[in-house]
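A look at the structure
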Amino acid sequence: MELNQELEAVPQALSGHGVEESALVTILGKWDPLEREAFRKKTPNLFIEDKERHFQRWDDHYARLLKHEFVRFKNTVMLWSMHPWERDARLVKEAIKKGKASYGVLVEIACTRSSEELLGARKAYHSLFDHSIEEDVASHIHGIERKFLVALVSAYRYEGAKIKNEHAKSEAKIIFDVIKNAHKKPINEDDEVIRILATRSKPHLKALYNHYKDISGKNLDEDLDDIRFKEAVQCLCTPQIYFCKVLDSALKIDVDKNTKKALGRVIVTRADIDIKEIMADYNNLYGVTLPHKIQDIAKGNYKDFLLNLIARGSN
Amino acid sequence: MGTLIAPTNHSPLEDAEAIRKAVKGWGTDEKVIITILGHRDAIQRQKIREAYYELFQEDLIKRLESELSGDFERAMYRWIVEPSERYALLANIALRHADRNYDVIVEIACALSPEELFIVRRAYHNRYHHSLEEDVAANTSGHLRQLLVGLVSSFRYGGNEINAKLAQSEADILHEAIKLKDKNSNKDEEVIRILTTRSKIQLVATFNRYRDDHGIAITKKLSDEASDDFHKAVNIAIRCIQDHKKYYEKVLRNAMKGGGTNEDALTRVIVTRAEKDLNDIKEIYYKRNSVHLEDSVAKETSGDYKKFLLTLMGKED
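In this report, we go over the structure that sits alongside the text. (Residues numbered from 1 in each chain as written. Chains lettered and ligands numbered in written order. Predicted model: local features only at pLDDT ≥ 70, side-chain atom pairs only at ≥ 80, totals over all residues. Heavy atoms only, no water.)

**Digging into the overall build of chain B**
So the rule is basically this: Helix and strand definitions here come from DSSP, where helices need a minimum of 4 consecutive H or I residues and strands a minimum of 2 consecutive E residues; each element is numbered from the N-terminal end. Two things to know: the radius of gyration comes from C-alpha atoms, and the globule rule equals 2.2 Å times the number of residues to the power 0.38. Summary of the burial criterion: residues with accessible area below 20% of their type's maximum are buried, those above 50% are exposed, and those between are partly exposed, where the area comes from a 1.4 Å probe applied to protein chains only. Note on definitions: a residue-residue contact is assigned when non-hydrogen atoms from the two residues lie within 4.5 Å. Surface accessibility follows the Shrake-Rupley procedure with a 1.4 Å probe radius. Residue values consider only the protein chains on display as shielding. Residues scored as charged are limited to Lys and Arg (positive) and Asp and Glu (negative), so that His and the chain ends carry no count. To locate a charge, the coordinates of NZ of Lys, CZ of Arg, CG of Asp or CD of Glu are taken.
Along the backbone of chain B there are 19 helices and zero strands. What you see for chain B is a C-alpha radius of gyration of 21 Å, in line with the 20 Å of a compact globule of 317 residues. Within chain B, the proportion of its 317 residues that are buried is 51%. Within chain B, counting contacts between residues at least 6 apart in sequence, those at least 24 apart form 70% of the total. Carbon and sulfur atoms make up 47% of the accessible area of chain B, which amounts to about 14,200 Å² in all. Computed over 49 positive and 52 negative side-chain charges, the separation of the two mean positions in chain B equals 3 Å.

Structure representation (structure tokens):
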């Protein structure tokens, strides 16, 4: 490789999800001081030229970001090897700590896990943190979303297929009316909507989702303005589509670190459950395969690890 | 400690046959049924049901339902179903009852351990094809709904960690909330948050803190101020969490007080606690009333129902 190509390859190796360890080892690892200086001078977004003192220093912000990228593979390995209960408990804890931007993770875990998986996460949470999930959610979240989030993480939904269609229909109408009157009374203050979404079984909610479409012509999650309610409906009624959307948001170069994490989280947590269905839906929605997208955006060990997780069991 | 007297060994087949003899033909020999089933623990009763089905291709519960009647039948039905299913049954009955006996819901949610409560929730799924919280929510509204759903959905931390500062701050919150006689939504929601999510050991520390700071037990203050269903339920929750045996003693005492007898309450406490801590409850009862629980029950009930309850309480003929 010529130096010019190399000078492009190394910054490439350091931008994206994860880092391209092999390029860093073979290229950066063999550069002499002059080559490294050329590298620093030619990549102004990584290095700041100190014109007064005649040297180049790492951009602090980028250095911090890079720390996350190097550790992304390690974090994914840890998450993958964990018992699913510990995994979900730790994800919940982190989401509570991080604040509003991460509450979607709470909804995701509470609504996409089976009743027994959620119970397991609650048990693990006791063991890890000496508190219950609902206790921490209730005491750390103060806004209007608290009631709904506490209800979601406390649910132990009936998992049988039996539903009462008339109830699903009448409750679809209830929600339709609440949405219609949202300008008078906001949806997230409505106890009935919270009751229905937080306690009804998933088969019931899926039937409700269909009835709602008959009444309104639109999908329930589209008509809901509140982000948490929207996410909950998507997770409860159309989880694979929800995961596709999360993956698609994450699979971009320039995204905030929380959104970036979603890629590893979704693949690790769904690899044993429904990743195949998610991949099929992803292909239909976006016209490109998930492995292809990951190949483009992710790097190095992190990329290979994710691709491996997805490919398991496809033989 | 429980009061049930059961042998260490029994033969489910012999028991099943003896019961069969007692129900076959005209009339029923209730004495035999009481003597056998009233002296078997949950596992033994389950084995007898299985043996009865194997021998006679009939569900023993259904048979007893048709042979027995009245308070005795209701008590025997609750006794013979498996404990977690029993609680599920009691909860469902409470919800369907005309005057909605929420006490029972609060009792179940607060007197049981977190693990026991979850087993009850599972039994509820199996029996009613709904979740318990779903049915509670559909039958209640407002703050009472939030409280009851929160209580039955809780899975409290069961360890020994207590945070003294937290106990202080939450005792203050509870004090503020109770003080305000008018409906103050924010404060009520804080009461709900604390009661439905904190661990029991943390709550006891909080209630103690309240008493130390304000010179009066929180339950006494609530009894004075409580007027509506929500505050009554809060009071029961606190009493059950603090000392459920003392609470059960009061339920029994109230059930037999005055003119009539509340057989539902009597049956409920005796049947659900006979294998758990009815002996402790009996001691509390005696200390409080200077009368033995068996004697009170004997006075207020009659017939086979009386014999059955006394048997469960460990009284031998």
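**Focus: the packing of helix α6 (residues 103–112) of chain A against helix α15 (residues 239–250) of chain A**
All names here are of chain A. Going by this rule: Convention adopted: a line fitted to C-alpha atoms gives each axis, helices being fitted over their contacting stretch, and angles between N-to-C directions are expressed from 0 to 180 degrees. In these notes the angle categories are as follows: under 35 degrees is roughly parallel, over 145 is roughly antiparallel, 65 to 115 is roughly perpendicular, and the rest is oblique. Each crossing gets its handedness from the near helix: less than a right angle anticlockwise from the far helix is left-handed, clockwise is right-handed. When residues are sorted by character, Ala, Val, Leu, Ile, Met, Phe, Trp, Tyr, Cys and Pro go into the nonpolar class, Asp, Glu, Lys and Arg into the charged class, and all the rest, Gly among them, into the polar class.
At a closest axis distance of 12 Å, the pairing of α6 and α15 adopts a crossing angle of 150°. Taken as axis vectors, α6 and α15 run roughly antiparallel relative to one another. In this structure, the crossing between α6 and α15 has a hand that is left-handed. Only Pro 239, Tyr 242 and Phe 243 of α15 make contact with α6, whose side of the interface consists of Gly 104, Glu 108 and Thr 112. The residue makeup of the contact of α6 with α15, split by class, is three nonpolar, two polar and one charged.

**Observations concerning unusual backbone geometry**
With glycine set apart, most residues show a phi of negative sign, and most peptide bonds adopt trans. Look at Asp130(A): it is not a glycine, yet its phi comes out positive at around 55°. One can find Asp130(A) in the loop between α7 (115–129) and α8 (133–140).

**Here's the deal with α15(A)**
To be explicit about the condition: Expected span of a helix: the number of residues minus one, times 1.5 Å.
Compared with an ideal rise of 1.5 Å per residue, which puts twelve residues at 16 Å, α15(A) spans 17 Å between its outermost C-alpha atoms and is within 8% of the ideal. Along α15(A), the residues that are buried comprise Pro239(A), Tyr242(A), Phe243(A), Cys244(A), Val246(A), Leu247(A), Asp248(A) and Ala250(A).

**Focus on the nonpolar core**
Generally speaking, soluble globular proteins have nonpolar side chains that are buried together. The condition is simple: Nonpolar cores were defined as sets of buried Ala, Val, Leu, Ile, Met, Phe, Trp, Tyr and Cys residues, with membership established by side-chain atoms within 4.5 Å.
Formed by 96 residues in total, the largest nonpolar core has its most connected members in Leu64(B), Met76(B), Leu266(B), Ile270(B) and Val297(B). Ranked by the residues each element gives to this core, the list is headed by helix α15 (residues 229–256) of chain B, at 14 residues. Beyond its immediate sequence surroundings of up to four residues, Leu64(B) is in contact with Val23(B), Ile33(B), Leu37(B), Glu73(B), Met76(B) and Ile80(B). Listed in part, the 78 residues of the second largest apolar core include Val107(A), Leu152(A), Val233(A) and Val246(A).

**Some remarks on the environment of Glu115(B)**
Within the secondary structure layout, Glu115(B) lies in helix α8 (residues 114–128). Each C-alpha atom, one on Glu115(B) and one on Phe155(B), is 7.6 Å from the other, the two residues being 40 residues apart in sequence.

**As for the pairing of strand β1 (residues 47–50) of chain A**
The side chains of a regular strand alternate, first on one face of the sheet and then on the other. Residue and element names in this part refer to chain A. Convention followed: At least two bridges found by DSSP between two strands is the condition for calling them paired.
Pairing geometry for β1 and strand β2 (residues 55–58), over four bridges, is antiparallel. The partner of Glu 49 across the bridge, within β2, is Gln 56. Following β1, the chain reverses through four residues before pairing antiparallel with β2; His 54 in that reversal takes a positive phi of roughly 60°.

**Considerations on the environment of Glu190(B)**
Just so we agree on the cut-off: Polar contacts here mean pairs of N or O atoms no more than 3.5 Å apart (in protein, one a potential hydrogen donor and the other a potential acceptor; neighbouring residues in sequence count only if both atoms are side-chain atoms).
Inspection of the secondary structure puts Glu190(B) in helix α12 (residues 185–197). With 90 residues separating them in the primary sequence, Glu190(B) and Asp280(B) have C-alpha atoms 33 Å apart. In this view, Glu190(B) contacts Arg146(A) and Ile173(B); residues no more than four positions away in its chain are not counted. Here Arg193(B) takes part through its side chain, which lies 3.0 Å from a polar atom of the side chain of Glu190(B).

**A word on the interface of chain A and chain B**
Our working definition: Accessible area, probed at 1.4 Å, shrinks when two parts are joined; the buried area is that loss added up over both. Here, a salt bridge means any Lys or Arg side-chain nitrogen found within 4 Å of an Asp or Glu carboxyl oxygen.
The interface of chain A with chain B comprises 28 residues on the first partner and 27 residues on the second. Summed over both partners, the interface of chain A with chain B buries about 2,600 Å², with 55% contributed by carbon and sulfur atoms. Three residues, His126(A), Tyr156(A) and Tyr158(A), lead the burial of chain A against chain B; their summed loss comes to 25% of the area buried on that side. Counting across the interface, chain A meets chain B through six salt bridges. Salt-bridge contacts for Arg146(A) lead to Glu190(B); the nearest nitrogen and oxygen are separated by 2.9 Å. There are 20 residue pairs in polar contact (both at pLDDT 80 or more) connecting chain A and chain B. Classifying every residue of the side of chain A that touches chain B gives five nonpolar, seven polar and 16 charged.

**Considering the side chain of Arg45(B)**
Residues and elements named next belong to chain B. Within the element layout of this structure, Arg 45 appears in helix α3 (residues 42–56). Engagement of the side chain of Arg 45 in a polar contact is seen with the side chain of Glu 275, the distance being 3.1 Å. Among all residues touching Arg 45, those that are not within four sequence positions of it are Leu 37, Arg 40, Trp 79, Ile 80, Val 81, Arg 86 and Glu 275.

**Structural notes on the layout of surface pockets**
So the rule is basically this: For each structure, a 1 Å grid was placed over the protein atoms alone; sets of points admitting a 1.4 Å probe that cannot get out are labelled cavities, open sets with protein on both sides within 12 Å along at least five of seven lines are labelled pockets, and lining residues have an atom within 4 Å of a point. Grid points are joined across faces, edges and corners, and a volume is the space filled by probe spheres set on the points.
Put simply, the largest pocket is a space of about 1,100 Å³. Where the lining of the largest pocket is concerned, the elements lending two or more residues are α4 (60–81), α5 (84–98), α6, α14 (227–237), α15 and α16 (257–270) of chain A. Tallying contributions element by element places α4(A) first for the lining of the largest pocket, with eight residues. Tallied by class, the residues present in the lining of the largest pocket amount to 13 nonpolar, ten polar and 16 charged. Considering only enclosed or pocket space, the second largest pocket measures out at about 670 Å³ in volume. Of all the secondary-structure elements, those providing two or more residues to the lining of the second largest pocket are α5 (70–80), α6 (83–96), α7 (102–111), α14 (218–225), α15 and α16 (263–273) of chain B. It is α15(B) that provides the largest number of residues to the lining of the second largest pocket, a total of nine residues.

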